[in-house]
Amino acid sequence: MEEYPKNLVEFESWFSTEHACRDYLYTLRWPNGFCCPRCANLKAWPIGAILFECAGCNYQLSVTAGTIFQDSHKPLMVWFRAIWWVTGQKNGASALGLKRMLGFGSYRTAWTWLHKLRRAMVRPGRNKLSGIVEVDETFIGGAKPGKRGRGAAGKALVGIAVEDKGDKGIGRIRLGILKDASGDSLMTFVQNRVVGGSRIRTDEWGGYNRLVSDGYIHVSVKKNELKLAHLVASLLKRWLLGTHQGAVSPEHLAYYLDEYTFRFNRRTSTHRGMLFMRLLENAVQIGPVTHRQMVQHVRGRKPKDHKI
Ligand SMILES: [Zn+2]
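An account of the accompanying structure is given in this report. Counting from 1, residues in each chain are numbered in the order their sequence is written. At least 70 in pLDDT is required for a residue's local features to be given in this predicted model, at least 80 for side-chain atom pairs to be given and counted, and no such filter applies to totals for whole chains, interfaces and linings, which use all residues. The side-chain figures draw on all heavy atoms in the structure; neither hydrogens nor water molecules are used.

**Notes on the overall build of the chain**
In step 1: Helix and strand content of the chain: ten helices and eight strands.
In step 2: Scored against the burial criterion, the 308 residues of the chain give a buried share of 46%.
In step 3: In this description, contact between two residues means that some pair of their heavy atoms is separated by no more than 4.5 Å. Excluding contacts between residues fewer than 6 apart, the proportion of contacts in the chain whose partners are at least 24 apart in sequence is 59%. Numbering of helices and strands runs from the N terminus; a helix is a DSSP stretch of H or I covering at least four residues, while a strand is a stretch of E covering at least two. The rule is simple: take the accessible area with a 1.4 Å probe, protein chains only, and divide by the maximum for that residue type; under 20% is buried, over 50% is exposed, in between is partly exposed.

**Here we look at unusual backbone geometry**
In step 1: The phi torsion at Ala40 lies on the positive side, around 65 degrees, for a residue other than glycine.
In step 2: Tracing the backbone shows Ala40 in the loop between α2 (18–29) and β1 (44–47).
In step 3: Ala40 gets classed as partly exposed once you look at its relative accessible area, which sits at 48%.
In step 4: One non-glycine residue, Asn58, lies in positive phi territory at about 65 degrees.
In step 5: Along the chain, the position of Asn58 falls in the loop between β2 (51–54) and β3 (60–61).

**Overview of the sheet that holds strand β6 (residues 170–178)**
In step 1: Strand pairing follows a simple DSSP-based rule, namely that at least 2 bridges must link the two strands. Strand order across the open sheet formed by five strands is β6-β5-β4-β7-β8, with mixed pairing between neighbours. The sheet is open, and its two borders are formed by β6 and β8 (217–220), each paired with just one other strand. For this sheet, the mean angle separating the axes of adjacent strands, direction not counted, is 25 degrees.
In step 2: Of the pairings in the sheet, the one linking strand β7 (residues 199–202) to β8 comprises four bridges and is parallel in character. The partner of Thr202 across the bridge, within β8, is Ser220.
In step 3: Working convention: axes come from line fits to C-alpha atoms, limited for helices to the stretch in contact. Angles between N-to-C directions cover 0 to 180 degrees. With respect to the sheet, helix α7 (residues 227–243) is in contact with β4 (132–140), β5 (156–164) and β6, its orientation differing from that of β4 by roughly 40 degrees.

**With respect to the pattern of salt bridges**
A side chain with one charge may pair with a side chain of the opposite charge, provided their charged atoms come close.
In step 1: In what follows, salt bridge is the name for a side-chain nitrogen of Lys or Arg lying within 4 Å of a carboxyl oxygen of Asp or Glu. A complete count under the given rule lists twelve salt bridges for this structure.
In step 2: Across the pair Glu163 and Arg172 runs a salt bridge whose closest N-O atoms are separated by 2.6 Å.
In step 3: For Glu163, a relative accessible area of 2% puts it in the buried group.
In step 4: As a salt-bridge pair, Lys222 and Glu204 come within 3.5 Å of each other at their nearest N and O atoms. Of this pair, Lys222 sits in the loop between β8 and α7 while Glu204 sits in the loop between β7 and β8, and the two are 18 residues apart along the sequence.

**Focus on the packing of helix α5 (residues 107–119) against helix α8 (residues 253–265)**
In step 1: Look at α5 against α8: their axes get within 9 Å of each other, and the N-to-C directions meet at 60 degrees. In terms of crossing hand, the pair formed by α5 and α8 is left-handed. When α5 is examined against α8, the residues His115, Arg118 and Arg119 are found in contact with a partner set consisting of Tyr255, Tyr256, Asp258 and Glu259.
In step 2: Gly counts as polar in this scheme, as do all residues outside two lists: the nonpolar Ala, Val, Leu, Ile, Met, Phe, Trp, Tyr, Cys and Pro, and the charged Asp, Glu, Lys and Arg. Of the residues belonging to the contact of α5 with α8, the class tally is two nonpolar, one polar and four charged. Should the near helix be turned anticlockwise from the far one by less than a right angle, the crossing is left-handed, and should it be turned clockwise, the crossing is right-handed.

**Examining the nonpolar core**
In step 1: Among buried residues, the Ala, Val, Leu, Ile, Met, Phe, Trp, Tyr and Cys ones that are joined through side-chain atoms within 4.5 Å form a nonpolar core. By size, the foremost hydrophobic cluster in this structure holds 44 residues, and its most contacted members are Tyr24, Leu25, Phe69, Phe80, Val86, Phe276 and Leu280.
In step 2: Only α2, α3 (76–88), α4 (95–102), α5 and α9 (272–283) provide two or more residues apiece to this core.
In step 3: Counting residues per element, this core draws most heavily on α3, at eight residues.
In step 4: Dropping the residues within four chain positions of it, Leu25 is found in contact with Val63, Thr64, Phe69, Leu76, Phe80, Leu280 and Val284.
In step 5: Ile140, Ala233, Leu253 and Phe264 belong to the second largest nonpolar core, which has 20 residues in total.

**Remarks on the sheet that holds β3**
In step 1: One open sheet accounts for three strands, arranged β1-β2-β3; its pairing is antiparallel. Strands with a single pairing partner mark the edges of an open sheet, and in this sheet they are β1 and β3.

**What about the coordination of the zinc ion?**
In step 1: Atoms are scored as donors when they are N, O or S and lie within 2.8 Å of the metal, with 3.2 Å used for Na, K and Ca; no water is included, so coordination may look incomplete. Around the zinc ion, the protein contributes the donor atoms Cys36 (SG), Cys39 (SG), Cys54 (SG) and Cys57 (SG), which lie 2.3 Å from the metal centre.
In step 2: If you list the donors of the zinc ion from N- to C-terminus, the spacing comes out as C-x2-C-x14-C-x2-C.
In step 3: The exposure class assigned to Cys57 is partly exposed, which follows from its relative accessible area of 32%.

So this is what it looks like as structure tokens:
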């Protein structure tokens with residue numbers, strides 16, 4: 001299924017009821033027809049307006065069970081409007097903006113929703129980069145420049161991988177937080193994001209020496225020749241400073257990197273509706289996450305858990 005609303009008027013007429021939202025989620029979650037998440041049986045019958053019962057194991061579930069919408073008490077219509085708004089924010093969405101748009105009383109609810117949606121911005125099982133790929137690292141946060149090869153206080157080291165499409169410019173990107181700039185960290189970053197056999201361009205840092213023995217073609221150049229990676233790094237930093245006023249805690253940086261990657265890789269998509277559909281597609285494929293899980297590794301005072 002590749003159907004999505006082309007504009008706000010279509011969006012509003014398609015998703016004017018809870019039932020319509022559920023139907024749309026159903027086709028995104030089970031594009032080839034129902035498949036039981038417990039026993040993989042292909043038959044189910046409806047029980048009331050919301051639940052289905054699997055014909056194989058009698059498991060009763062709704063289309064939102066086991067998705068990021070699972071424990072939400074808010075209508076899907078509100079979620080759909082949040083996602084439509086988030087995918088339309090060219091420069092990224094802030095929790096304050098979402099709170100205002102939906103008229104939420106609580107900033108934390110808006111914050112939690114945004115973080116749930118950021119988790120849905122990475123497609124499960126997404127493809128790796130291929131072809132010619134430029135790889136570099138950059139420090140995010142902190143005031144003082146950090147020393148390469150070791151951690152710098154208050155900073156996060158971020159790996160950047162960028163497809164070089166020659167005349168066509170930049171292809172897709174991948175970002176990831178690195179523990180340090182050691183060979184182990186860099187090789188793990190590359191292996192998880194770039195197809196073996198690709199041609200990888202880096203600077204002359206020794207951490208990249210293992211690329212050839214790990215099955216890549218390695219081209220090393222002077223640091224200032226990594227123009228694509230440097231461009232992505234500066235755009236990323238500008239985005240973090242602009243949309244989020246630099247107020248990104250290190251604990252959540254990985255999710256902001258996911259959001260940036262999602263937006264960057266779809267920057268040429270002219271259809272907002274397609275981004276909306278992609279985000280929903282991912283949202284019904286990844287599991288639920290609670291506010292408690294999101295904040296459990298955050299330092300300092302922890303907000304009390306609550307249903308949203
Ligand atoms: Zn079943």
